[in-house]
Each structure stands twice: as C-alpha cells, then as structure tokens.
Amino acid sequence: MSITSPADLEAEILRQRERLTETLSTVTERLEDADVLGHAEDVLGRVEAGASDLIDASTDERGRPKPAVLIGGAAAAILVVALVRRRTRAKRAAAAAPQRDAA
C-alpha cells in the first residue's frame, strides 16, 4: 500500500496501532495462562508432598500399614455399612407406609 496523503498516513498508523493492541492482548492472555499453569503445578507438588507424608505416617519401616490405621479403616467401614443399612431400612419403611395407610 502506498501512502500518498497525510490522511492515508494517519489511517495506516491507526491500523498498525490496532494490530499492536491485539498482539499485546494475545501475549497478555498467554502470560496469564502460564501463571495459572505455574500455580497448578505448585498446588500439585504440595498435594503430592502431603500424600507422601500421609503414607509415611501411616506405614511402618517395611511399608506395612500400622495397626492403628487398620483399626481406623475397619471402624470406618463398619460405620459406612451401618449407615447404608439404616438408610435402606428407612426407605423401605417409608415405601411400605403408604401401602399400610391405604389398606
């Protein structure tokens, strides 16, 4: 494109300015995405370290679960089974109640 007048020059400057603004916006977005990824990697590293600490605290030197962990796991399993059975019985009783009232 040849610039033949001051108006053409001004129009070209405006077009270049718009392109530069778009480019800067794109670069800014990419940098923000990079910051998010860096933060996610940091969080993942902390989670992995916490999981490793938890495993170390719950196992003995040979890597076997400590007795307290086994007891706690068994107690949690019994509690879950009891809660599921209780909820199941309550649902059955609620389903049977309308049938008794209708009779």
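Structure: above.
Predicted model only: the values in this text are computed from it and were never measured. (Residues numbered from 1 in each chain as written. Predicted model: local features only at pLDDT ≥ 70, side-chain atom pairs only at ≥ 80, totals over all residues. Heavy atoms only, no water.)

### Focus on the overall build of the chain
Move 1: When helices and strands are tallied, the chain shows 2 helices and 0 strands.
Move 2: In summary, the chain has a C-alpha radius of gyration of 33 Å against a globular reference of 13 Å for 103 residues, an excess of more than 25%.
Move 3: C-alpha extents for the chain along the principal axes are approximately 95 × 65 × 15 Å.
Move 4: Carbon and sulfur atoms form 61% of the exposed surface of the chain, whose accessible area is close to 9,300 Å². (Helix = DSSP H or I, 4+ residues; strand = E, 2+ residues; numbered from the N terminus. Rg over C-alpha atoms; globule rule 2.2 N^0.38 Å. Areas by Shrake-Rupley, 256 points an atom, 1.4 Å probe, with all protein chains shown as cover.)

### A few points about a negative patch on the surface
Move 1: Together, Glu29, Glu32, Asp33 and Asp35 make up a negatively charged patch on the protein surface.
Move 2: Assignment of secondary structure puts Asp33 in helix 1 (residues 6-58). (Patch = residues over 30% accessible without salt bridge, like charges linked within 9 Å, V, L, I, M, F, W, Y side chains within 5 Å. Salt bridge = Lys/Arg side-chain N within 4 Å of Asp/Glu carboxyl O. Lys, Arg positive; Asp, Glu negative; His and termini not counted. Charge placed at Lys NZ, Arg CZ, Asp CG, Glu CD.)

### A word on a nonpolar patch on the surface
Move 1: On the surface, Ile3, Leu9 and Ile13 cluster together into a nonpolar patch covering about 250 Å² of accessible area.
Move 2: Note that Leu9 resides in helix 1.

### With respect to the pattern of salt bridges
Move 1: A full pass over the atoms with the stated rule returns 3 salt bridges.
Move 2: Note that Asp42 is salt-bridged to Arg46, the shortest N-O span being 3.4 Å. Here the residue Asp42 and the residue Arg46 both occupy positions in helix 1, the gap between them amounting to 4 residues, near one helical turn.

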